[in-house]
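For reference, the chains in residue letters:
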Amino acid sequence: MRLHLIFIGNRFIYNEALREYVIRNISNDVEFINSITYFKESDNSLFLYLEKELKNYEMTLIVTSKQNFSTLGKVICTITSDNQILKEGMLIPQKATLFEERSYLLEYENAKINVLSIDEGEKLPQVLIQTPKTKATVHIFEESKTDIVSMLTPIAQTYNVLFDVSTYVKGWVRVDVTSNRYGDISKFLHAAKNLLPKKLIASANIIEYIIERVASQGKKVTFAESCTGGLLAYYFTKHNGASKILEGSLVTYSNALKENWLAVTHEVLEANGAVSAEVVHEMSEGALNVSNADYALSISGIAGDTGGTKLKPVGTVYIGVRSKEKHDEAHVYFKGDRNYVQHQSAMMAIKMLLLIDKETFF
């Protein structure tokens, strides 16, 4: 089913943290958001847009501010030939079939409309619109996108499911699986796992999966970051349960801190430069030594937009991963702006963590 998310209000355009909070929490309640549209409070085209679009989507979720909540209700009542009534301190359309504090749901010409009100610093009200659970996500490693499509297509046809693939970084492909009422996602996942037993993880959120697997083993992780500036730590700490596995993260941007905090030798830095396999090797070793962790990840690179050289252009990144038994270093080159290079670097490091201990993670 197609779901359209509409934001009405300047705060949702300019307040990135508020907007991301809303989208993140709505995504927990609905299966998929097909499209997102933004309107400023002063946009005079809103009425005509809603009059047309409310009929085009099976489900529409509208998020607005407390100030505009009642006004939006009047607009919706005009479109749906309804009147507003007062219910538990809220003016809402009379035809609303369900309502909670700052949230109501109504049906209009076979479409469902859920209106929510939220201001800065408030908790998102209950999402009343629901989508059927007909989706699953798997992550496949060390296979190309082309080969994955070739391998999974016959299985998908057998169990009447559809799938889309997208690449996070080289060697890591996300597969989103959907089915109609006759499809069998569970059997598809079982068959795919049997085909790729040490390459496939069935989980919508790979970080939450890592937290659960590492915690179940009673193990810990730690990070030593340079060009990513703590991004790895953020990826983990934004999820509940991170404290069970994360010892901490050292952001050693300067060479001096690499030496003083991680015991990277001055000679290695002088001979190879901070962006090198030798340095991330010693960074991961140092991170493991100063913590009680079982795994360490280290990243050093040139994220840009300046700072590159002919031998080490912008996008050059070295990543180290280490367990108590083995270690690995990778030299990668990423394209994109500074932030995208940083995100790709963190994702590649996460991939390397998974692959260094397949017995735990697969």
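Data block above holds the structure.
Residues numbered from 1 in each chain as written. Predicted model: local features only at pLDDT ≥ 70, side-chain atom pairs only at ≥ 80, totals over all residues. Heavy atoms only, no water.

Right, let's talk about the overall build of the protein for a bit. When you go through the protein residue by residue, the secondary structure sums to 13 helices and 17 strands. Here the C-alpha coordinates of the protein stretch approximately 75 × 50 × 40 Å along the principal axes. Looking at the 362 residues of the protein, the share that counts as buried comes to 49%. As displayed, the protein offers around 17900 Å² of accessible surface, 48% of which is attributable to carbon and sulfur atoms. (Helix = DSSP H or I, 4+ residues; strand = E, 2+ residues; numbered from the N terminus. Buried < 20%, exposed > 50% of the residue type's maximum accessible area, 1.4 Å probe, protein only. Areas by Shrake-Rupley, 256 points an atom, 1.4 Å probe, with all protein chains shown as cover.)

One turn of the α-helix equals 3.6 residues, which is why residues spaced by three or four share an orientation. Across its 15 residues, helix α4 (residues 66-80) extends 21 Å between first and last C-alpha, which sits within 8% of the 21 Å expected from 1.5 Å per residue. Burial in α4 covers these residues: N68, F69, L72, G73, V75, I76, C77, I79 and T80. A positive phi of about 55 degrees marks S81, the residue just after α4. (Expected span 1.5 Å × (residues − 1).)

Right, let's talk about the environment of Y295 for a bit. Tracing the backbone through its elements, the reader meets Y295 in strand β15 (residues 295-301). Spatially, the C-alpha atom of Y295 lies 9.6 Å from that of E325, the residues being 30 residues apart in sequence.

Of the pockets and cavities examined, the largest pocket occupies roughly 1600 Å³. In terms of lining, the largest pocket is formed by 33 residues, of which the most central are R24, S27, R174, N205 and K238. For the lining of the largest pocket, the secondary structure elements donating two or more residues are α2 (16-29), β9 (135-141), β11 (172-179), α7 (206-216), α8 (231-237) and α12 (338-356). Counted by class, the lining of the largest pocket contains 15 nonpolar, eight polar and ten charged residues. (1 Å grid on protein atoms, 1.4 Å probe; cavity = no way out; pocket = protein on both sides within 12 Å on 5 of 7 lines; lining within 4 Å. Points joined across faces, edges and corners; volume = space filled by probe spheres on them. Nonpolar A, V, L, I, M, F, W, Y, C, P; charged D, E, K, R; others polar.)

Here we have five strands laid out as an open sheet, ordered β14-β13-β15-β16-β17, and mixed in their pairing. Of all the strands in the sheet, just β14 (246-251) and β17 (327-333) have a single pairing partner and so form its edges. When strand polarity is set aside, the average angle formed by the axes of neighbouring strands in this sheet is 10 degrees. Pairing geometry for strand β13 (residues 221-225) and β15, over five bridges, is parallel. Looking at β15, one finds that E225 is bridged to I299. Strands in contact with α12 are β15, β16 (316-323) and β17; relative to β16, the strand with the most contacts, it is inclined by about 30 degrees. (Pairing = 2+ DSSP bridges. Axes fitted to C-alpha atoms, helices over the stretch in contact; angles between N-to-C directions. Contact = heavy atoms within 4.5 Å.)

In terms of burial, β16 is largely enclosed, as eight of its eight residues are buried. Both β15 and β16 contribute to a ladder of seven bridges, which runs antiparallel. Following the sheet pairing, I299 is matched in β16 by I319. Across seven bridges, β16 lies against β17 in antiparallel orientation. Paired with Y318 across the strands is H331, a residue of β17.

With that settled, consider the packing of α7 against α12. Relative orientation of the contacting elements α7 and α12 amounts to 35 degrees, with a least axis distance of 12 Å. Regarding α7 and α12, the two cross each other, and that crossing is left-handed. Together, I206, I207 and I210 of α7 and I350, L353 and L354 of α12 make up the contact between the two elements. A per-class count over the contact of α7 with α12 returns six nonpolar, no polar and no charged. (Left-handed = near helix turned anticlockwise from the far one by under 90°.)

This next bit is on the packing of helix α3 (residues 46-56) against α4. Two numbers describe how α3 lies on α4: the axes approach to 10 Å, and their chain directions differ by 55 degrees. Judged on the interaxial angle alone, α4 and α3 are oblique. The two elements α3 and α4 meet at a crossing, and its hand is right-handed. Only L72, V75, T78 and I79 of α4 make contact with α3, whose side of the interface consists of F47, L50, E51 and L54. Of the residues that constitute the contact of α3 with α4, the class distribution is six nonpolar, one polar and one charged. (Parallel < 35°, antiparallel > 145°, perpendicular 65-115°, else oblique.)

Here we take up unusual backbone geometry. For the bond from G304 to D305, the omega torsion is 5 degrees, close enough to zero to count as cis. Mapping D305 onto the fold places it in the loop between β15 and β16. Notably, A263 is not glycine yet its phi reads approximately 65 degrees, a positive angle. Among the secondary structure elements, A263 is positioned in the loop between α9 (255-262) and α10 (266-272). A relative accessible area of 57% means that A263 is categorised as exposed.

Let us look at the pattern of salt bridges. Under the criterion given, the structure shown has ten salt bridges. One salt bridge in this structure joins R11 and D119, with 3.0 Å as the shortest N-O distance. One end of the pair, R11, is in helix α1 (residues 10-14); the other, D119, is in the loop between β8 (111-117) and β9, with 108 residues separating them in the sequence. Like D119, R11 is buried. One salt bridge connects E359 with K198, and the closest N-O pair in it is separated by 3.6 Å. Placement of the pair is E359 in helix α13 (residues 358-361) and K198 in the loop between α6 (185-195) and β12 (200-202), with a sequence separation of 161 residues. By relative accessible area, which is 33% here, K198 ends up partly exposed. (Salt bridge = Lys/Arg side-chain N within 4 Å of Asp/Glu carboxyl O.)

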